[in-house]
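Chain residues, written in single-letter form:
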Amino acid sequence: MDRAKTPEEHSPPASGHSAPPDIREALRERDELYRLIFNQAGDAIELVDAETLHFIEVNDTACRLLGYTREELVGRSLMEIQVDLDETTIRANLQGWVKKHGRVRIDNRHRCKDGRILDVQVGIQLAQLDGRPCFVAVWHDTSVEKTAQLALINEAEWRRALIEHSRDGVAIFNAEHRLIEANARFAELLGYSHTELLTLHSWDVDADLTEADICAGFADPLSVNQLILTRHRRKDGSLYDAEVSIQGAQINGRNVFISTTRDVSERKRAARALRESEERYRSLVEGSPDIVYSFSDKRGGLFWSIQVEVVFGYRLADLQADPFLWSRLIHPDDQPRIQTALRAFEQGTPFDLEYRIRTRSGAWRWLRDRSIQRRVLDDEVIVDGLASDITERKQTEQALLEAKLAAEAATLAKSDFLAHMSHELRTPLNAVIGLTQVLEQAELPPEQCALVQHIRLAGHTMLQISNDILDLAKIEANQIAIEVRPCQLATVLKRIEAIQGDAARGKGLTLAIVPPPEFVGQVLTDPLRLEQILTNLVSNAIKFTEQGTVRLWIEPLSLTAEHACLLFAVQDSGIGIAPETQAHLFTPFTQADASIARRYGGTGLGLSISKRLVELMGGTIGVESHAGEGSLFWFELTLARTAPTAPTEIAETAAPTAPVQRPRGMRLGGLRVLTVDDNRLNLDVVAQLLRLEGAHATTALHGAEALELLRRDAHAFDVVLMDVQMPVLDGLRATLAIRHELGLQDLPVIALSAGVLRDEQQRTREAGCNDFLAKPVELEALVAILERWAGQAITAPACPLASAQISDSATVTAALLHIPGIDPNRLQQLTQGDLGLARRLLCRFLTDIGDLPRLIAADLSNGALMSAAARLHGLRGAAANLGALELAELAGVLEAALKAENAVDPALLTAHSTQLRACFEQLRQTLTAYLGEASVLSTVPSLADSTQVDSDKLQQLRAALSANRPQAARRLFTELEAELLAVYGEQTTQTLAVALEGLQFTEALAMLETVRDIRQD
């Protein structure tokens, strides 16, 4: 590449002669020097032909900045690197620029070889080269400068924006403390315009510092850098709290003060409020009887109020030195509850606990500890809470609890006494009523017949008293519940007429029962309890009225679409009641005066029970009366109204038939009775009583068997006697199936049960039973209830066997009277003098219950309490039916203990069980001696032959019970039922069925193991 030529090389020598050598050498050296300066210059230098605008020469810097080599650039047109100026503009302006200024400097842009654009500043000067016009352009890259300049501009704009939009007021004061600049916020804080601000000095703004203070304290701007709290004065004269940061600076050679002002009035008010709040909090904490604390799950106790010293006896310093001391003082029995609550608290659940804690003296005190708030700091959970000393409250609660328990115990003892007394009354009543029934069947003179009737009436009166005592005992023990269901008031009144009509007519009284208004419609109430209340009031009215009328009516007081407020009233024309004695009428065992008790009798329980029942139903009861003017007893009830529905209770839809007078021995002639009971002895007893009165009895062992008989021929029976508690299918569910599944709405169903309480009777009515007959079944009660509900079906004469059986009654009775443990009157009633029947019944009794005491004892030892209760229920019914009253009573006591809601006392169970086994063993020995060992053994099924039970299926049954597979267990039991009856006996098989039906598989399995062990013994 040729060496670049300087401008001098293009100039010819001054003359045609060659220069001397020394001159040429000097010229060469000068040329070399110019060349070095030209190429090493920091600015780009270009020599451009003014006519062609082509480059004549360029230096190295121009080549480097444009990205060309000298060879590429020399000879090129200037236009190839121009961006903004075209050739015409350059030619037109170049001469003008130079002529006007001689030289010119412009800002321009050059395009590099690679397309980059450079911002450049170009200096242009016109020159002559060999007589040709040209110009020299010297330029440098200003891109960096422009970028820096733009950055400075942007930064200034940012700073200006930040200052203008700052929430703080920014102001600049000169060295003489005069305000020379401020942002809008500073003007806003003071309420001045920007122009007004520029006339102020700093002491015009500051309300706390004078001019002298400011001049002395802020003399040298460059030495100031501090933060002060002061007050500023606004234009309107008001003051505000200001936090001012002051810093000295130098701007354009001037020393100034730069201040940043923030309005802290709200912050200072908040700080004052916080201080006041803290003072109040401290006063509350220190004056509170509660312990205020903060506790960390990592560091233990963080804070306790001074009350902790009063409660615990420990000093605050003790707790601060041992942050976990509190936790260790908590009673060990309470620790698990607290740990559980703390774990829940860590998940955000607040706690409120009561626990015991040991004081410094060693005493235990009760605390109520409750969380106020939960704070989480990093991985630490802090709880703030209150702990109250509740020791005195706990002591008071304990005293109240003991007093309550004592009162409950007294009430329970009284209730138990009343229930026991009622039970004891029923035992002799059985003899009284039984003897009267026996005597009434004999041919007696009229005077003696009248006496026997009086005895029977007295016995039934005592039975009613016994029932009242039981009701009172249950009310006082809060064991009576009001069961609400749809009720037609007209039906209730018809039942009152049926029950009380004969008694009124017997005294020559008129019983006027006004039908309820039809617009009242059907209501929701407890029909049984409503009937009981009205019966008590009507019977009292009849008792205390010698002549005239007893009137019963229902009067609507108010009616809405949803409710009916009704007045029930019973008015009589009797002896009346003096005002001073009316306040005591509803107290138990209280009558108006002693003379009334002597003249009319009674216990005074009826009104008390009625009052309690009315109150349980949400109503009020009262009386209006004057001595000698009769009485008006009333009660008000607000009952829900409901649309009439299909009858679900036969007792309210099927009216009983009036009994037809028939002689004894033919009162039930032709009546077809289906008797359902799981105890064969009970079936035999009831069937015998039915045959005595000429009825035809068909028996079934459980509800499912009864349903099957009814499915075969729904019209084969006139009435059903249904036991309540039975295996496979109990009486209540069987009755529901009769009503709904078979659709037999008109078939009378009479419930049989050893339970005599009214709530038990109500459950049978809800299931669809028409009436209730208590065990032991009495002949007269049986005849009366069957005549009432199925009298229209009694058509045929009595069986002639009944009269023949009565003839030998004296002989049989005399023999039976000497059997200890058996009520002779009950046995006489059952057998009517048939000695063979008596022996069969006694043998059947021993057969059915032979293994029961051992099975019951095994159930108790295995914890199978419900199985034992089911066995005892069957034993109680069988014993009561036969007249083994003591055995029935002991079985009932043990059954009640097993079914009690409270925990069963093992010692009490053992005592009852021992009494039961002793009584049974004595009775078994007595009956065996009376009947003869051979007679008993001939009727007892052999337990020795175990091959009758399919061992494979029995094992499958055990496996199904162990695996809780109900369908398989029930199927296998059905297949094995006949064999189980033959081998294990009826009672065991039926109890096993009860356990299976109730899904009590553990008890059923234990029962199978028990009978297997007993057989192996």
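In this numbering scheme, every chain counts its residues from 1 along its sequence in written order. Totals for whole chains, interfaces and linings use every residue, but because this is a predicted model, local features are given only for residues with pLDDT of at least 70 and side-chain atom pairs only at 80 or more, for both listing and counting. Excluded from the side-chain calculation are hydrogens and water; included are all heavy atoms of the structure.

K.L.:
Could you give an account of the pattern of salt bridges, naming the residues involved and the relevant values?
P.N.:
Side-chain pairing between opposite charges can occur once the charged atoms of the two side chains come close. Basic side-chain nitrogens of Lys or Arg form a salt bridge, by our definition, when they fall within 4 Å of a carboxyl oxygen of Asp or Glu. Evaluation of the coordinates by the stated rule reveals 42 salt bridges. A salt bridge links Arg-788 to Asp-771; its shortest N-O distance comes to 2.8 Å. Of this pair, Arg-788 sits in helix α26 (residues 779-790) while Asp-771 sits in strand β27 (residues 771-774), and the two are 17 residues apart along the sequence. A single network of salt bridges, built from pairs that share partners, joins Glu-354, Arg-393, Lys-394 and Glu-397. Labels follow the DSSP assignment, with helices taken as runs of H or I lasting at least four residues and strands as runs of E lasting at least two, numbered in each case from the N terminus.

K.L.:
Kindly report on helix α31 (residues 852-862), identifying the contributing residues and their values.
P.N.:
Residues Leu-852, Pro-853, Leu-855, Ile-856, Ala-858 and Asp-859 constitute the buried set of α31. Directly after α31, the chain includes Gly-863, whose backbone phi takes a positive value near 80 degrees. We call a residue buried when its accessible area falls under 20% of the maximum for its residue type, exposed when it is over 50%, and partly exposed in between, using a 1.4 Å probe and counting protein chains only.

K.L.:
Help me get a handle on the packing of aromatic side chains, residues and values and all.
P.N.:
Any two aromatic rings considered together are summarised by their centre-to-centre distance and by the angle between their planes. For Phe, Tyr and Trp, rings pair up if their centres lie within 6.5 Å, where Trp contributes its six-membered ring, and each pair is then called stacked (planes under 30 degrees apart), edge-to-face (over 60) or tilted (otherwise). A complete count under the given rule lists 4 aromatic pairs for this structure. Aromatic pair Tyr-293 and Trp-326: ring centres 5.3 Å apart, planes at 55 degrees, arrangement tilted. Of the two residues, Tyr-293 is situated in strand β11 (residues 291-296) and Trp-326 in helix α13 (residues 325-329); the sequence distance between them amounts to 33 residues. There is no split in this pair, since Tyr-293 and Trp-326 are both buried. Residues Phe-312 and Trp-326 carry aromatic rings whose centres are separated by 5.3 Å and whose planes lie at 80 degrees to one another, so their mutual orientation is edge-to-face. Of the two residues, Phe-312 sits in helix α11 (residues 307-312) while Trp-326 sits in helix α13, which places them 14 residues apart along the sequence. Here Phe-312 and Trp-326 have matching classes, each one buried. Here, over-ring charges are defined by two tests on the NZ atom of lysine or the CZ atom of arginine: distance to the ring centre within 6 Å, and angle to the ring normal within 35 degrees. The cationic tip of Lys-394 hangs over the ring face of Trp-366; the distance from NZ or CZ to the ring centre is 4.5 Å. Above the ring of Trp-553, the side-chain terminus of Arg-551 is found at 4.4 Å from the ring centroid.

K.L.:
Please provide a residue-by-residue account of the side chain of Asn-183, values included.
P.N.:
Assignment of secondary structure puts Asn-183 in the loop between β7 (179-182) and α6 (184-190). There is a polar contact of 3.2 Å between the side chain of Asn-183 and the backbone oxygen of Asp-168. In what follows, a contact means two residues having at least one pair of non-hydrogen atoms within 4.5 Å. Contact partners of Asn-183, with chain neighbours within four places excluded, come to Ile-163, Glu-164, Ser-166, Asp-168, Gly-169 and Val-170. Nitrogen and oxygen atoms within 3.5 Å of one another constitute a polar contact, given that in protein one can donate a hydrogen and the other can accept it, and given that sequence-neighbouring residues count only through two side-chain atoms.

K.L.:
Explain the sheet that holds strand β24 (residues 696-700) to me, and be specific about the residues and the numbers.
P.N.:
A pair of strands is treated as paired once DSSP finds two or more bridges between them. Reading across from one edge, β24-β23-β25-β26-β27 is the order of the 5 strands in this open sheet, with parallel pairing throughout. In this open sheet, the two edge strands, each paired with only one partner strand, are β24 and β27. Averaged over all pairs of adjacent strands, the angle between strand axes in this sheet comes to 25 degrees, irrespective of strand direction. Here strand β23 (residues 672-676) runs beside β24; their pairing, made up of 5 bridges, is parallel. A fitted line through C-alpha atoms represents every axis, and for helices the fit uses only the stretch in contact; the resulting angles, taken between N-to-C directions, go from 0 to 180 degrees.

K.L.:
Please give an account of helix α17 (residues 489-506) that cites residues and values.
P.N.:
Multiplying 1.5 Å by the helix residue count minus one yields the expected span of that helix. For α17, with 18 residues, the first-to-last C-alpha span of 26 Å sits near the 26 Å given by 1.5 Å per residue. At Gln-500, α17 shows its maximal kink, close to 45 degrees. By the burial criterion, the buried members of α17 are Leu-489, Thr-491, Val-492, Leu-493, Arg-495, Ile-496, Gln-500, Gly-501 and Ala-504. Two residues or fewer after α17 comes Gly-508, characterised by a positive phi angle close to 75 degrees. What we call the bend at a residue is the angle made by axes fitted to the seven residues finishing there and the seven residues starting there.

K.L.:
Can you explain empty space enclosed by the protein? Please cite residues and give values.
P.N.:
Each cavity reported here is a set of points on a 1 Å grid over the protein atoms alone in which a 1.4 Å probe fits but cannot get out, each pocket an open set with protein on both sides within 12 Å along at least five of seven lines, and each lining residue one with an atom within 4 Å of a point. Grid points are joined across faces, edges and corners, and a volume is the space filled by probe spheres set on the points. With the rule as written, the count across this model stands at 6 cavities of 30 Å³ or more. What the largest cavity holds in volume is close to 220 Å³. Elements with a contribution of two residues or more to the lining of the largest cavity: α8 (202-205), β8 (225-233), β9 (239-251) and β10 (254-263). Element by element, the count of residues in the lining of the largest cavity is highest for β10, at 3 residues. Approximately 140 Å³ is the volume found for the second largest cavity.

K.L.:
So what's going on with the sheet that holds strand β15 (residues 380-389)? Which residues, and what values?
P.N.:
What links the strands of a sheet is backbone hydrogen bonding, and the strands pair in either a parallel or an antiparallel sense. With antiparallel pairing, the 5 strands of this open sheet are ordered in space as β12-β11-β15-β14-β13. The outermost strands of the open sheet, each flanked by one partner alone, are β12 (300-304) and β13 (352-358). Direction aside, the axes of adjacent strands within the sheet are offset by 35 degrees on average. In the sheet, strand β14 (residues 364-377) pairs with β15 via 10 bridges, with the strands oriented antiparallel. Across the sheet, residue Leu-367 finds its bridge partner in β15, namely Asp-389. Against the sheet, helix α14 (residues 335-346) touches β13, β14 and β15, its axis set at about 135 degrees to β13.

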